[in-house]
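Listed below are the residues making up each chain.
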Amino acid sequence: MKAQRVLVAGGAGYIGSHAAKALHREGREPIVFDNLSTGHADSVKWGPLVEGDIRDAEAVRAAIREYKPDAVMHFAAKIEVGESEAKPLMYYDNNVAGVLNLVRVMMEEGVDKFVFSSTCAIYGDPEKLPLTEDQPKRPVSVYGRSKLMAEQILESVSKANGLKFTALRYFNAAGADLDAETGERHDPETHLIPNAIGAAIGRGGPMKFFGDDYPTRDGSCERDYIHVSDLADAHILAADKLMQGEQKLQLNLGTGQGRTVLEVLKAVETATGRKVPYEIAPRRAGDAIALYADTTLSREKLGWTPKVSDIDTIVSSAWAFHRKTWGVE
Ligand code: UDP
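Reading the values: rules and limits
Residues numbered from 1 in each chain as written. Predicted model: local features only at pLDDT ≥ 70, side-chain atom pairs only at ≥ 80, totals over all residues. Heavy atoms only, no water. Helix = DSSP H or I, 4+ residues; strand = E, 2+ residues; numbered from the N terminus. Contact = heavy atoms within 4.5 Å. Pairing = 2+ DSSP bridges. Axes fitted to C-alpha atoms, helices over the stretch in contact; angles between N-to-C directions. Buried < 20%, exposed > 50% of the residue type's maximum accessible area, 1.4 Å probe, protein only. Expected span 1.5 Å × (residues − 1). Salt bridge = Lys/Arg side-chain N within 4 Å of Asp/Glu carboxyl O. Polar contact = N/O pair within 3.5 Å; in protein donor to acceptor, adjacent residues only side chain to side chain. Near = heavy atom within 4 Å. Areas by Shrake-Rupley, 256 points an atom, 1.4 Å probe, with all protein chains shown as cover.

**Remarks on the environment of Gly175**
Examined against the element boundaries, Gly175 turns out to sit in the loop between β7 (172-174) and α6 (192-200). Separated by 145 residues in sequence, Gly175 and Ala320 place their C-alpha atoms 9.5 Å apart. Setting aside anything within four residues of it in sequence, one finds Gly175 in contact with Tyr14, His227, Val228, Ile314, Ser317 and Ala318.

The structure is reproduced here in structure tokens:
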């Protein structure tokens, strides 16, 4: 059995819009539910848009009654670590109370399958690398804590009330749809690849390079960049697993390979054919030295392998998208 009709909460955003496209490609029906606070109406191209907030029970209920989805995918989250420290109430309200509300209404309406966007930020500073799912969860930011709390709520509801859920713990979501039909459009943008591309084309001056004195192979932080379209595919596999009776899966999604900031900048220079001007800045608060996933469990449980997550494909897809949206020659 497959998840045929899926309510995609946050489907107008970066990862959610790629999930909507992947669902449509697979012959499923994505119904986007989004409050358009950070998402874009023109990223909703593969199914209807219901404008609403996950914290609004009646809006969620109306959407579920109208469309009767088999499953809900959840992407409607606040995601900026720095902002989460300054605005904890906003983060707990959206990322914790919002999930609570969404799941409560789902259960009341008889929808019991939920694919949740989680994050490697729930682990905090890793004890050992690569990170396995059973490592201690000690988030160091409000953002990470909000996602961990939401996972804990899902665990409780699963145990007590039979919710079937998958928590997909992304490492660094990156890249854009290979047809450049959707991509990353955050404002303000804080992520490395779009910032490096922006700097390469002279948008907003040199990039700030946060710390070149880390104990890594070249002094810069190491991350596990995973293509957003590979993430989207994993969501569909996860939803189908729930349809087949899986009760609970908590999985890392990454490639298993770390890339340093300098390696990413090199890939941006190759893709764009331009230099990335940057200035060395102090270390950014909250940045771990190195993070990369042990992907054994997600490969085994979902039968999932990243297909387009080599760093050059990630960067060239992002470049093609930004080139189109920013109108670069
Ligand atoms: N980074 C940087 N300059 C930027 C944005 C990011 O040097 O303008 C670095 C950041 O310090 C981290 C890595 O790039 O080591 C990835 O950061 P990003 O914000 O993309 O993702 P995060 O790992 O924080 O989720």
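**Some remarks on the sheet that holds strand β4 (residues 71-74)**
Taken together, seven strands build an open sheet; the order of strands is β3-β2-β1-β4-β5-β6-β11 and the sheet is parallel. Among the strands making up the open sheet, the edge pair consists of β3 (49-51) and β11 (248-253). Across the sheet, the mean angle from the axis of one strand to that of its neighbour is 20°, orientation sign disregarded. Inspection of the sheet shows strand β5 (residues 113-119) paired to strand β6 (residues 164-170) by seven bridges, in the parallel sense. Considered in β6, the bridge of Thr119 is made with Tyr170. Contacts from helix α4 (residues 88-108) reach β1 (5-9), β4 and β5, with the element oriented near 165° to β5. Running at roughly 155° to β5, helix α5 (residues 142-161) makes contact with β4, β5, β6 and β11 of the sheet.

**Some words on the environment of Thr216**
Tracing the backbone through its elements, the reader meets Thr216 in the loop between β8 (207-210) and β9 (222-223). The exposure class assigned to Thr216 is buried, which follows from its relative accessible area of 18%. With 73 residues separating them along the chain, Thr216 and Ile289 place their C-alpha atoms 7.6 Å apart. Discounting residues that sit within four places of it in the chain, Thr216 has contacts with Glu222 and Ile289.

**A look at helix α10 (residues 311-326)**
Over its 16 residues, α10 runs 22 Å from end to end, which matches the ideal 22 Å to within 8%, given 1.5 Å per residue. Residues Ile311, Ile314, Val315, Ser317, Ala318, Trp319, Phe321 and His322 constitute the buried set of α10. Residues of α10 that are buried make contact with β7, α6, β10 (225-227), β12 (259-260) and α8 (261-272). Looking one or two places after α10, you find Gly327, whose phi comes out positive at around 65°.

**Things to note about the pattern of salt bridges**
For the structure shown, the criterion picks out 25 salt bridges. The salt bridge involving Glu109 is made with Arg61; its shortest N-O contact spans 2.8 Å. Taken together, the positions of Glu109 in the loop between α4 and β5 and Arg61 in helix α2 (residues 57-67) put the pair 48 residues apart, joining distant regions of the chain. If you follow the salt bridges from partner to partner, you end up with Glu58, Arg61, Arg65, Glu108 and Glu109 in one network.

**What about the pairing of β4?**
Working note: regular strand, side chains alternate between the two faces of the sheet. Residues Ala71 and Met73 point to one face of β4 and Val72 and His74 to the other, with burial holding for every one of them. Two elements, β1 and β4, share four bridges in a ladder whose sense is parallel. Paired with Val8 across the bridge in β4 is Met73. In terms of strand pairing, β4 meets β5 through three bridges, oriented parallel. By the bridge assignment, Met73 is partnered in β5 with Val115.

**A word on the environment of Arg55**
When you line up the elements, Arg55 lands in the loop between β3 and α2. The spatial distance from the C-alpha of Arg55 to the C-alpha of Asp294 is 34 Å, given a sequence separation of 239 residues. At a separation of 2.8 Å, a polar atom in the side chain of Arg55 contacts the side chain of Asp53.

**Concerning the site of the ligand**
Around the ligand sit 15 residues in total, of which Leu192, Lys208, Arg223, Arg284 and Asp287 are the nearest. For the ligand, an oxygen atom lies 3.0 Å from a polar atom in the side chain of Asn172. With respect to the ligand, the backbone of Thr190 contributes an N or O atom lying 3.4 Å from an oxygen atom. Protein chains bury 86% of the 510 Å² of accessible surface belonging to the ligand in isolation. Secondary-structure elements contributing two or more residues to the shell around the ligand are α6 and β8.

**What about unusual backbone geometry?**
Cis geometry is found at the peptide bond from Leu129 to Pro130, where omega equals -5°. As for its position among the elements, Pro130 is in the loop between β5 and α5. Of the consecutive residues Asp187 and Pro188, the connecting peptide bond is found in the cis state with omega at 0°. Locating Pro188 in the fold gives a position in the loop between β7 and α6. A positive phi angle, near 55°, is found at Leu36, a position not held by glycine. Structurally, the position occupied by Leu36 is in the loop between β2 (29-34) and β3. Despite not being glycine, Ala180 shows a phi value in the positive range, around 60°. Tracing the chain through its elements places Ala180 in the loop between β7 and α6.

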